[in-house]
Protein chains: 2
Amino acid sequence: MSLIERLTDEFARLPGIGRKTALRLTYHVLRTPPQEAHRLADAIIAASERVHACSVCGSYTEASPCSLCSSPRRDRSIICVVEEGSDIAPIENTGEFRGLYHVLGGRLSPLDGIGPAELNIESLLARVREAEPVREVLLATNPSVEGEATALYLHRLIAPLGIRVTRIARGLPVGGDLEYADGVTIAEALQFRREL
Amino acid sequence: MSLIERLTDEFARLPGIGRKTALRLTYHVLRTPPQEAHRLADAIIAASERVHACSVCGSYTEASPCSLCSSPRRDRSIICVVEEGSDIAPIENTGEFRGLYHVLGGRLSPLDGIGPAELNIESLLARVREAEPVREVLLATNPSVEGEATALYLHRLIAPLGIRVTRIARGLPVGGDLEYADGVTIAEALQFRREL
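Description of the structure in this document. (Residues numbered from 1 in each chain as written. Chains lettered and ligands numbered in written order. Predicted model: local features only at pLDDT ≥ 70, side-chain atom pairs only at ≥ 80, totals over all residues. Heavy atoms only, no water.)

Details of the relation of the copies chain A and chain B
For the pair chain A and chain B, the best superposition has an RMSD of 0.1 Å and corresponds to a rotation of 180° with a translation of 0.0 Å parallel to the axis. What we have between these two chains is a two-fold relation. Closest approach to the rotation axis within chain A is made by the C-alpha atom of Ala41(A), at a distance of 2.2 Å. Taken together, the interface assignments show that 100% of the residues at the interface of chain A recur at the interface of chain B, consistent with an identical surface on both copies. (Least-squares fit on C-alpha atoms with pLDDT ≥ 70 in both. Contact = heavy atoms within 4.5 Å.)

So this is what it looks like as structure tokens:
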């Protein structure tokens, strides 16, 4: 196999990258100066080797515990539970949440062989029970079938501990249009209505 | 800057990759085993360092001259001129062309500062004039404004040498629909009509 084919194959293994895009990326690498190609390759290796899961919350970090877990400025009484580490940045960007996070590393999906043992649920329960003065767990798994099932499962585990368990709201996205929204979303938006 | 941000920045420099896709690729790298990340990084470095322009046709190759230029089975009397090395594979895949190639490395685009001196035109003229028994030059630059201008420019240079200069046909794409085709394409399809 030629080096061009080899690199194209590697690019095509990345999620969302098809053969044609992979070939375009390969030719981009061939056209750029070698030092730029090295910079990309070095960044891949550095991230792969030196970024690990935080020992407390499970998010990706170079330090452990991560900067959020070790920050003295975060509200340690509320933990936001997300499916993946990549879900933290969009929440942080809103500036609306000042608590801590917990990354499950996925969602319950029996068809894919992912049960409670495959997710970081034990460590979440340990945090809730022991280490921290937690008063609320905010479940921010995705509003998909599996995300809802995961939230329900966690609710059943955590609520008996006398801790408030909340769920991010579902409803119409800002800038959306009632006419084009699906029925389930509209139904949820009606149920989640609040006083103005 | 964190390693996650650094890798995301590098991915976002690739053509057609936005911030969100770059972040998704970064998390993919973090999730995959280090040996897979190394394989991608190694393929990038190997392609960047060991793939060069063919000394004859200018296409990307590990050997020089490339396998097409050095093949005894190719018809050396016809040269197909393309803008980029990536244009060769789609033509080869048709199985319709058995001649040689010449890669210009771009197209004439005065607004971008790309004139004849920036393209591999001298080496094309040298091939046509001296080294090879060339009877036909097939101009396969893109059917864009710049590609047409480049083809016209080359035609004016090569035709006086007594060599047949041809242009790939424009017309309706196979599977296309007259109703939705643009007027210029339909006009070209009418001009390029042929006997059945």
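Some thoughts on the pattern of salt bridges
Residues and elements named next belong to chain A. Enumeration over the complete set of coordinates arrives at 20 salt bridges over all chains. Among the ionic pairs, Arg164 bridges to Glu136, the shortest N-O distance being 3.1 Å. Placement of the pair is Arg164 in strand β6 (residues 164-167) and Glu136 in strand β5 (residues 136-139), with a sequence separation of 28 residues. Judged by relative accessible area, Glu136 falls into the buried class, the value being 16%. The partner of Glu188 in a salt bridge is Arg170, with the nearest N and O atoms 3.5 Å apart. Taken as a pair, Glu188 in helix α8 (residues 183-191) and Arg170 in the loop between β6 and α8 lie far apart in primary sequence, 18 residues in all. One network of salt bridges, with partners in common, ties together Glu148, Arg167, Arg170 and Glu188. (Salt bridge = Lys/Arg side-chain N within 4 Å of Asp/Glu carboxyl O. Helix = DSSP H or I, 4+ residues; strand = E, 2+ residues; numbered from the N terminus. Buried < 20%, exposed > 50% of the residue type's maximum accessible area, 1.4 Å probe, protein only.)

Points about the nonpolar core
Core analysis: the biggest nonpolar cluster contains 40 residues, and Phe11(A), Ile44(A), Leu7(B), Phe11(B) and Ile44(B) have the highest contact counts within it. Of all the secondary-structure elements, those providing two or more residues to this core are α1 (3-12), α2 (19-31) and α3 (34-50) of chain A together with α1 (3-12), α2 (19-31) and α3 (34-50) of chain B. With residues near it in sequence (within four places) discarded, Ile44(B) still touches Leu7(A), Phe11(A), Val29(A), Ala37(A), Leu40(A), Ala41(A) and Ile44(A). (Core = buried A, V, L, I, M, F, W, Y, C linked by side-chain atoms within 4.5 Å.)

Quick look at α2(A)
Helix length check: α2(A) (13 residues) gives 18 Å between terminal C-alpha atoms against 18 Å at 1.5 Å per residue, within 8%. Listed as buried for α2(A) are Ala22(A), Leu25(A), Thr26(A), Tyr27(A), His28(A), Val29(A) and Leu30(A). Residues of α2(A) that are buried sit in contact with α1 and α3 of chain A together with α3 and β2 (60-61) of chain B. (Expected span 1.5 Å × (residues − 1).)

Focus: the packing of aromatic side chains
Counted according to the given criterion, the structure contains 4 aromatic pairs over all chains. Ring centres 5.6 Å apart and planes at 55° place the aromatic pair Tyr60(A) and Tyr27(B) in the tilted group. Taken together, the residues Tyr60(A) in strand β2 (residues 60-61) and Tyr27(B) in helix α2 connect one chain to another. On the basis of relative accessible area, Tyr60(A) is assigned to the partly exposed category, the value being 22%. Here Tyr27(B) falls in the buried class, since its relative accessible area comes to 9%. (Phe/Tyr/Trp six-rings, centres within 6.5 Å; stacked < 30°, edge-to-face > 60°.)

Description of the environment of Cys69(A)
Here Cys69(A) shows up in helix α4 (residues 67-70). Sequence separation of Cys69(A) and Ala43(A) is 26 residues, and the distance between their C-alpha atoms is 25 Å.

Remarks on the packing of α1(A) against α3(B)
One can describe the packing of α1(A) onto α3(B) by two numbers: an axis separation of 9 Å at closest approach and a directional angle of 145°. Read as a crossing pair, α1(A) and α3(B) show a hand that is left-handed. Two secondary-structure elements touch here, α1(A) through Leu3(A), Arg6(A), Leu7(A), Glu10(A) and Phe11(A) and α3(B) through Glu36(B), Arg39(B), Leu40(B), Asp42(B), Ala43(B), Ile44(B), Ala46(B), Ala47(B) and Arg50(B). Across the contact of α1(A) with α3(B), the residue classes break down as 8 nonpolar, no polar and 6 charged. (Axes fitted to C-alpha atoms, helices over the stretch in contact; angles between N-to-C directions. Left-handed = near helix turned anticlockwise from the far one by under 90°. Nonpolar A, V, L, I, M, F, W, Y, C, P; charged D, E, K, R; others polar.)

Considering the sheet that holds strand β6 (residues 164-167) of chain B
Residue and element names in this part refer to chain B. Read from one edge of the open sheet, 4 strands run β4-β3-β5-β6, paired in parallel fashion. With one partner strand each, in any of the chains shown, β4 (100-103) and β6 form the two edges of the open sheet. Strand-to-strand twist in this sheet, taken as the mean axis angle between neighbours without regard to direction, amounts to 25°. Where strand β3 (residues 78-82) and strand β5 (residues 136-139) come together, 4 bridges link them in parallel fashion. Following the sheet pairing, Ile78 is matched in β5 by Glu136. Relative to β6, helix α7 (residues 145-158) is tilted by about 170°, and along the sheet it contacts β3, β5 and β6. (Pairing = 2+ DSSP bridges.)

Functional significance is not addressed by these values, which are geometric in nature.
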